[in-house]
Amino acid sequence: MLEELRIRNFAIIDNLELEFATGLNVITGETGAGKSIIVDAVELLLGGKADNSMVRSGQEKAIIEGVFRFNKITTSLIIPILEREELLTSDDDKQFVTLSREIRANGRSSARINGVTVKQDIMKEVGDLLVDIHGQSEHLSLFNPPHHIDLLDRYADLMEIREALRTVTHNLQGVRREIRELMQDKAALQRRAEALKHTVEEIDSANLKAGEDEDLKAERNRLANSEQLAKLVTEATMLLNGADTADDQSPAVDMLMRVATIMSKLATIDPDLGDAAELAETVSTQAQELALELAGYGDEVEYDPVRLNEIEERLEVINALKRRYGMTIELVLETGEKAREELDGIENSEERLEELRAKETEMLKQIGDLAANISKVRKSIGEQLSKRVVQELKDLRMERTRFAVALEHTEDPEGCFVNGKRYKFDYTGIDHVEFMMSANPGEPLRPLAKVASGGEAARIMLALKRVLTQADQTPTLIFDEVDQGIGGRVGTVVGEKLWELAGTHQVLVVTHLPQLAGYADKHYRVKKSIRNNHTQTIVSALNDDERVEELSDMLGATGEGSKQSALEILQEARGKKQNITQ
């Protein structure tokens with residue numbers, strides 16, 4: 001529900017802050033005082049089109065802000081949108097949402113949700129779930145035919161079976177998508193298959209092994225440098241073990257063994273040299289092990305030009321595959337596996353296509369059965385709905401108005417199967433649902449949006465809202481001009497019906513009828529005043545005495561008689577409200 005509304009520098013409103021109540025909120029005042037401007041401001045919060053002419057004369061910008069409290073229904077519908085757009089910043093955001101619009105005199109405007117700038121379509125998506133405005137405004141969800149089917153289905157309690165239909169329809173889309181992919185140009189598929197086959201054969205014939213290229217590079221490096229390796233190994237071995245040389249230099253191993261012997265003797269004399277003696281022994285032993293390892297390595301080093309050539313050829317094969325299919329052998333092998341899987345799919349496409357077509361037919365029959373059952377219920381409940389709306393319209397002085405729920409089907413050669421025929425369908429079924437009416441005798445039923453005038457629209461909306469209360473999930477309803485063309489007696493009926501509607505919705509009404517205003521749970525008076533040669537709108541919440549005064553003024557009379565009539569209106573409204581609640 002709309003809890004707070006703040007308006008600054010908008011049209012003739014200077015600075016206005018309003019707190020609305022649950023139940024029925026009524027706004028009254030003289031013509032031109034600015035009642036409808038408040039409704040216009042709310043419409044902007046819901047994503048309406050901004051115009052710089054709305055900015056108060058002499059000001060740089062107009063600001064409108066509304067704070068809405070969630071109920072159980074709006075929480076389930078709006079929180080997913082706020083989460084999707086990353087507009088939740090705290091737990092408080094799951095109880096309230098703040099919408100704001102800023103309109104600048106230079107023509108620019110901005111929209112914000114919870115302080116975050118958003119696109120206008122996001123603002124409208126959220127706003128549509130919070131408020132319905134009926135009357136002069138274009139924000140009429142019940143005049144939008146795509147909404148009619150949802151309203152009828154919620155009223156008919158069809159949402160659960162519709163969810164089952166949605167699931168099958170969604171699965172069918174996947175099947176049809178795969179069929180389209182398999183039905184691509186045959187020549188293109190053949191060319192693709194040939195390319196995949198070449199890829200698989202080329203990679204398979206290479207018989208690659210992970211890490212093979214690195215091992216080959218290391219072996220190639222040894223073979224290419226075999227002569228230098230042999231020379232260096234021989235030199236090191238000579239230094240360690242000794243050999244026939246021109247000088248009398250002793251082998252390193254022998255000298256280290258002699259050092260170890262001397263250190264052992266020293267440690268015997270001076271135990272403090274024990275660690276040094278152990279170190280000398282270790283070094284001597286490691287030198288002997290090194291000499292043996294070098295000797296073995298030297299035996300293996302040989303120049304093998306045949307093997308070197310084999311390695312070069314193998315590495316060229318590997319590198320060519322890596323250039324085509326991936327930077328590593330692992331990626332090349334992965335590419336080959338994917339190509340094999342795709343090739344298998346193409347080679348088995350005809351068999352798969354037959355399976356998918358059979359599955360498609362089965363799903364189209366299942367969709368047809370569900371859609372036919374849904375359509376049958378819609379027809380029956382639509383007739384009940386029409387009768388109830390017509391009865392409500394009679395109470396609202398539209399006795400000659402006819403109302404009907406039209407269901408239309410369109411045949412489609414690709415559609416679902418129903419009684420031997422094929423019909424166009426979507427996740428809601430095969431029906432196109434639209435509310436129709438005729439305002440005058442002799443006139444045919446026509447779409448609701450093309451028939452109703454402003455005042456009729458508001459009353460039709462009231463009748464529909466009354467009937468569809470349980471199905472309608474919009475928490476706040478605003479009626480402007482709901483009293484157009486009706487008198488005081490009908491105004492009493494309208495007031496009573498609006499108050500009853502306010503038992504399940506927050507209702508805001510702009511009215512000129514005192515009989516309607518008498519049913520208000522909270523009553524606001526709008527006045528114009530002149531300050532510093534500027535006209536401005538002032539809105540006040542009225543207490544009981546002020547309500548009597550306002551209703552008296554609305555009756556257009558003066559004196560005690562007028563006040564008495566105002567009191568009688570309030571007393572009659574209170575009495576009927578008590579009778580309804582008992």
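Shown above is the structure to which this text applies.
Visitor: Is there a simple way to explain the overall build of the chain in this structure?
Guide: In terms of helices and strands, the chain carries 19 helices and 17 strands. Here the chain has a C-alpha radius of gyration of 44 Å; the compact-globule value for 582 residues is 25 Å, and the former is much larger. Summarising its shape, the C-alpha atoms of the chain cover approximately 145 × 75 × 50 Å along the three principal directions. A burial count over the chain gives 43% of its 582 residues as buried. In the chain, once contacts between residues fewer than 6 apart in sequence are set aside, the share between residues at least 24 apart is 71%. With an accessible surface of roughly 31900 Å², the chain has 47% of that area assigned to carbon and sulfur atoms.

Visitor: Looking at this model, I keep getting lost on helix H3 (residues 120–130). Mind explaining?
Guide: Listing the buried residues of H3 in full gives Ile122, Met123, Val126, Gly127 and Leu130. One side of H3 carries all its buried residues, which in axial view fall inside an arc of 130°.

Visitor: Quick question: what am I supposed to make of the sheet that holds strand S12 (residues 432–438) here?
Guide: Two pairing modes exist for strands in a sheet, parallel and antiparallel, and in both the strands are linked by backbone hydrogen bonds. Read from one edge to the other, the open sheet built from 3 strands follows the order S9-S12-S13, with strand pairing classed as antiparallel. A strand with exactly one partner marks an edge of an open sheet, and here the two such strands are strand S9 (402–408) and strand S13 (446–447). Where S12 and S13 come together, 2 bridges link them in antiparallel fashion. Each residue of the ladder has a partner; that of Met436, found in S13, is Pro447. Sheet strands in contact with helix H4 (residues 145–155) are S9 and S12, and its direction is about 100° off that of S12.

Visitor: Sorry if this is basic, but what is going on with the pattern of salt bridges here?
Guide: Any two side chains of opposite charge can pair, on the condition that their charged atoms come close. Counted according to the given criterion, the structure contains 32 salt bridges. Close ionic contact of Arg162 with Asp153 constitutes a salt bridge, the shortest N to O distance being 2.7 Å. With a relative accessible area of 6%, Arg162 lands in the buried category. Taking the relative accessible area as the measure of exposure, Asp153 reaches 0% and is therefore buried. The network of salt bridges with shared partners includes Asp150, Asp153, Arg162, Arg378 and Asp431.

Visitor: I tried to follow the nonpolar core on my own but got confused; where do I start?
Guide: Soluble, globular proteins show a tendency: their nonpolar side chains are buried together. The biggest cluster of nonpolar side chains holds 73 residues, and the ones touching the most others in it are Leu24, Phe403, Leu448, Leu464, Phe479 and Leu498. It is helix H13 (residues 349–395) that provides the largest number of residues to this core, a total of 13 residues. In terms of nonpolar packing, the next biggest core, distinct from the first, is built from 46 residues, Phe20, Ile27, Val131 and Leu508 among them.

Visitor: Help me understand the pairing of strand S17 (residues 534–541), please; the structure alone is not making it clear to me.
Guide: Look at any regular strand and the pattern is simple: side chains alternate between the two faces of the sheet. With 8 bridges connecting them, strand S16 (residues 522–531) and S17 associate as antiparallel partners. By the bridge assignment, Val526 is partnered in S17 with Val539. Counted between consecutive antiparallel strands, the loop separating S16 from S17 contains 2 residues, among which Asn532 sits at a positive phi close to 55°.

Visitor: Is there a simple way to think about the packing of aromatic side chains in this case?
Guide: In this description, an aromatic ring pair is defined by two values, namely the gap between the centres and the angle between the planes. Taken as a whole and judged by the stated rule, the model has 2 aromatic pairs. Arranged with centres 5.6 Å apart and planes meeting at 50°, the rings of Phe403 and Phe435 form a pair that is tilted. Of this pair, Phe403 sits in strand S9 while Phe435 sits in strand S12, and the two are 32 residues apart along the sequence. Residue classification places Phe403 among the buried residues on the basis of a relative accessible area of 7%. Note on Phe435: relative accessible area 0%, which makes it buried.

Visitor: Looking at this structure, how should I read H13?
Guide: Given 3.6 residues per turn, any residue in an α-helix points the same way as the ones three and four places further on. An ideal rise of 1.5 Å per residue puts 69 Å on 47 residues; H13 measures up with 66 Å between its terminal C-alpha atoms. Two residues or fewer past H13, Arg397 is found with a positive phi of approximately 65°.

Visitor: How should the side chain of Thr511 be read in this particular structure?
Guide: Looking at the element boundaries, Thr511 is found in the loop between strand S15 (506–510) and helix H17 (514–517). Overall, the relative accessible area of 1% leaves Thr511 in the buried class. In this structure Thr511 touches Val26, Ile27, Thr28, Lys35, Asp483, Leu516, Ala517 and Met554, once residues within four positions along its chain are discounted.

Visitor: What am I meant to see in the sheet that holds strand S8 (residues 131–134) here?
Guide: Judged by pairing direction, the sheet is mixed, and its 6 strands sit side by side in the order S8-S14-S15-S3-S16-S17 without closing on themselves. The sheet is open, and its two borders are formed by S8 and S17, each paired with just one other strand. Taken pair by pair, the neighbouring strands of this sheet meet at an average axis angle of 20°, ignoring direction.

Each value, and the rule that gives it
Residues numbered from 1 in each chain as written. Predicted model: local features only at pLDDT ≥ 70, side-chain atom pairs only at ≥ 80, totals over all residues. Heavy atoms only, no water. Helix = DSSP H or I, 4+ residues; strand = E, 2+ residues; numbered from the N terminus. Rg over C-alpha atoms; globule rule 2.2 N^0.38 Å. Buried < 20%, exposed > 50% of the residue type's maximum accessible area, 1.4 Å probe, protein only. Contact = heavy atoms within 4.5 Å. Areas by Shrake-Rupley, 256 points an atom, 1.4 Å probe, with all protein chains shown as cover. Arc of directions from axis to C-beta. Pairing = 2+ DSSP bridges. Axes fitted to C-alpha atoms, helices over the stretch in contact; angles between N-to-C directions. Salt bridge = Lys/Arg side-chain N within 4 Å of Asp/Glu carboxyl O. Core = buried A, V, L, I, M, F, W, Y, C linked by side-chain atoms within 4.5 Å. Phe/Tyr/Trp six-rings, centres within 6.5 Å; stacked < 30°, edge-to-face > 60°. Expected span 1.5 Å × (residues − 1).

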